[in-house]
Amino acid sequence: MAKKDLSIVSLGCFRNTYDSETVLNRFLKNGYTVSSQEDIFLAGKDNFKSCDTLLINTCGFIDRAKEESVEFIRQAVRLKKEGKVKCLFVFGCLVARYHDKLKESFPEVDKWWGTENFSQKATRQKKIIPAHLDFIKICEGCLNKCTYCTIPYIKGDLRSRPKEEIINEIKFLDKKGIKELNIIGQDITSWAKDLKTNDNLSSLLSAILKTTKNIRWIRLLYAHPRHIDDKLIDLIANSERICKYIDLPIQHINDRILKLMNRGVTKKQISGLIRKVRKNIKGCVIRTSVMAGFPTETADEFKELLSFLKETKFERLGAFAYSREENTPAFNLSPQVHSRVKSSRFNEIMSLQQAISCDVNKQFIGKELDVLIEEKDNEVFIGRTQFDAYEVDGVVFIKKKGLKIGNFYKAKIVDSYDYDLVGI
Ligand code: SF4
């Protein structure tokens, strides 16, 4: 029987990339083929090519992401009508939220399903991301119930994977020789809170450190300030293999807004945590994300956030303009902030952060940093330091011959830009 060729588009976050790889490998096990890596698209590439079956993993988090997912479905349906795609399957968060509406709008789609559930994934042969790094999802769903967030309604309550299953998968990845392991979930610092064990993220990390040897960088993504404790800070500080990089979304800093967001932390607690991280984890880079224009946010409360960012100087920062999502508690808050005000506040945050990032990067000049080489563009190699997450933060440009993709190189930083570095 002729093998059917498959293409996949993976939209949204790294948790979606992980699910896309799971689905991809399931189809490969059932006799599908992926003819070339190009057949595996990450969001942003719109040059579809004809294939038997096209899979689209969608994102349904906020307006912008929803619009992008719908646009990809629209393009795929057009390709199907042109006979370039025989079978079109669409799944993921957008489908979990709007299944019936989507089915009505796009009758050409052959199959719809929501989000993936956990299953033993140790054998993800085919990957969407480079061979030298990988992601492991340790939990799904979320207990925090932030009032602006749709995730708990899409993914449900926290469901942690058993420790043994996680360790088995990581041992498999370690044997495969990956250099960087990214630990992900909706909130990894809540891992095991739903399991009847004494485990927590620190005990899991200790077990990972004990049972692996090839993995050089372990990166923690999506930590919640409410659940970071001293044990975790000490473990990060004292383990060379855990990146000195903490992804710590604060979303805001004003106490009234933090309460309305149901973030479960106060300004005092967030400031105290950041001081503790900076004091105990030498040279640690903190990535955060903040929201502009949360409902009822006043000009003074926004100023408070801006001056906190100016004072704290987060090394890495992402910002979002609040997206009013139906079925979330914040949807009904009043007054909603006008979209013009939201985007001007968003722009103010981003231009402040550009200046901060420029200053932060200057401090690396003259230092020697381990760089994981990831690609080559003409004569320049491009890589990342432990302070830069894959496809999220900056890169290091190195004009040098003979470097090997997937290997580390100790580079001397000789120049810096707003978000990137130059090394020799
Ligand atoms: S912690 Fe993150 S995923 Fe969980 S509800 Fe809050 S914003 Fe959503």
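As shown above, the structure is provided for reference.
Residues numbered from 1 in each chain as written. Predicted model: local features only at pLDDT ≥ 70, side-chain atom pairs only at ≥ 80, totals over all residues. Heavy atoms only, no water.

**Student:** When you look at helix α3 (residues 93-105) in this model, what are you seeing that I'm missing?
**Tutor:** For an α-helix, the turn length of 3.6 residues means that residues three or four places apart are oriented alike. Taking 1.5 Å as the rise per residue, α3 with 13 residues should run 18 Å; its terminal C-alpha atoms sit 17 Å apart, in good agreement. In the structure, α3 departs most strongly from a straight axis at His99, where the bend amounts to approximately 95 degrees. Among all positions of α3, only Cys93, Leu94, Val95, Arg97, Tyr98 and Leu102 are buried. In this structure, the buried residues of α3 make contact with α1 (14-29), β4 (51-58), α2 (63-81), β5 (85-92), β6 (111-113) and α4 (151-155). (Helix = DSSP H or I, 4+ residues; strand = E, 2+ residues; numbered from the N terminus. Expected span 1.5 Å × (residues − 1). Bend = angle between axes of the 7 residues up to and from the residue. Buried < 20%, exposed > 50% of the residue type's maximum accessible area, 1.4 Å probe, protein only. Contact = heavy atoms within 4.5 Å.)

**Student:** Whenever I open this one, the nonpolar core confuses me. Can you help?
**Tutor:** It is characteristic of soluble globular proteins that their nonpolar side chains tend to be buried jointly. In terms of nonpolar packing, the biggest core is built from 86 residues, with Phe135, Ile138, Ile183, Leu205, Ile218, Leu309 and Ile349 touching the most fellow members. Residue contributions to this core peak at six residues, all from helix α6 (residues 201-211). In terms of nonpolar packing, the next biggest core, distinct from the first, is built from 20 residues, Leu11, Val77, Val90 and Leu102 among them. (Core = buried A, V, L, I, M, F, W, Y, C linked by side-chain atoms within 4.5 Å.)

**Student:** Would you mind showing me how to read the environment of Lys412 here?
**Tutor:** Along the polypeptide, Lys412 turns up in strand β18 (residues 408-416). Distance from Lys412 to Ile398, taken between C-alpha atoms, is 9.4 Å for residues 14 residues apart in sequence. With near-sequence residues (within four places) excluded, Lys412 lies in contact with Gly366, Lys367, Glu368, Val422, Gly423 and Ile424.

**Student:** Teacher, can you tell me more about the packing of helix α9 (residues 267-280) against helix α10 (residues 299-312) here?
**Tutor:** The packing of two helices is summarised by the inter-axis angle and the distance between the axes. Orientation of α9 relative to α10, taken along the N-to-C sense of each, is 10 degrees, at an axis distance of 13 Å. With respect to α10, the element α9 is oriented roughly parallel. Listed contacts from α10 to Lys267, Ile270, Ser271, Ile274 and Arg278 of α9 are Glu304, Phe308 and Thr312. Here the contact of α9 with α10 is built from residues that sort into three nonpolar, two polar and three charged. (Axes fitted to C-alpha atoms, helices over the stretch in contact; angles between N-to-C directions. Parallel < 35°, antiparallel > 145°, perpendicular 65-115°, else oblique. Nonpolar A, V, L, I, M, F, W, Y, C, P; charged D, E, K, R; others polar.)

**Student:** When you look at the side chain of Asn182 in this model, what are you seeing that I'm missing?
**Tutor:** Relative to the helices and strands, Asn182 is located in strand β10 (residues 180-184). Residue classification places Asn182 among the buried positions, given a relative accessible area of 1%. There is a polar contact of 3.5 Å between the side chain of Asn182 and the side chain of Glu180. (Polar contact = N/O pair within 3.5 Å; in protein donor to acceptor, adjacent residues only side chain to side chain.)

**Student:** What is the right way to look at the pattern of salt bridges in this model?
**Tutor:** Between side chains of opposite charge, a pair can form as their charged atoms come close. The tally for this structure, following the rule as stated, stands at 32 salt bridges. When the shortest N-O distance is used, the salt bridge between Arg97 and Glu326 registers 3.8 Å. Of this pair, Arg97 sits in helix α3 while Glu326 sits in the loop between β14 (316-321) and α11 (339-362), and the two are 229 residues apart along the sequence. Close ionic contact of Asp370 with Arg216 constitutes a salt bridge, the shortest N to O distance being 3.2 Å. With Asp370 in strand β15 (residues 368-377) and Arg216 in the loop between α6 and β11 (217-220), this pair connects stretches of sequence that are 154 residues apart. Look at Asp370 and you get partly exposed, because its relative accessible area is 26%. The class for Arg216 is partly exposed, based on a relative accessible area of 35%. One salt-bridge network, held together by shared partners, links Asp63, Lys66, Arg97, Glu325 and Glu326. (Salt bridge = Lys/Arg side-chain N within 4 Å of Asp/Glu carboxyl O.)

**Student:** Can you walk me through the sheet that holds strand β13 (residues 285-292) in this structure?
**Tutor:** The sheet built from six strands is open, its strands ordered β7-β10-β11-β12-β13-β14 with parallel pairing. For this open sheet the edge positions go to β7 (133-137) and β14, each flanked by a neighbour on one side alone. Each neighbouring strand pair of the sheet contributes to a mean axis angle of 15 degrees, computed without reference to strand direction. As paired strands, β13 and β14 are joined by six bridges and run parallel to one another. Bridge assignment links Thr288 to a residue of β14, and that residue is Leu317. Contacts from α6 reach β10, β11 and β12 (242-247) within the one sheet, and its direction differs from that of β11 by about 165 degrees. Packed on one face of the sheet, α11 meets β13 and β14 and runs near 175 degrees to β14. (Pairing = 2+ DSSP bridges.)

**Student:** Looking at this structure, I do not really get unusual backbone geometry. What am I missing?
**Tutor:** Cis geometry marks the peptide bond from Ser334 to Pro335, where omega comes out at 0 degrees. Along the chain, the position of Pro335 falls in the loop between β14 and α11. One non-glycine residue, Thr296, adopts positive backbone phi at about 75 degrees. Structurally, Thr296 is set in the loop between β13 and α10. A positive phi is found at Lys313, a non-glycine position, where the angle reads about 50 degrees. Within the fold, Lys313 resides in the loop between α10 and β14.

Limitation: the analysis is restricted to geometry and does not speak to function.
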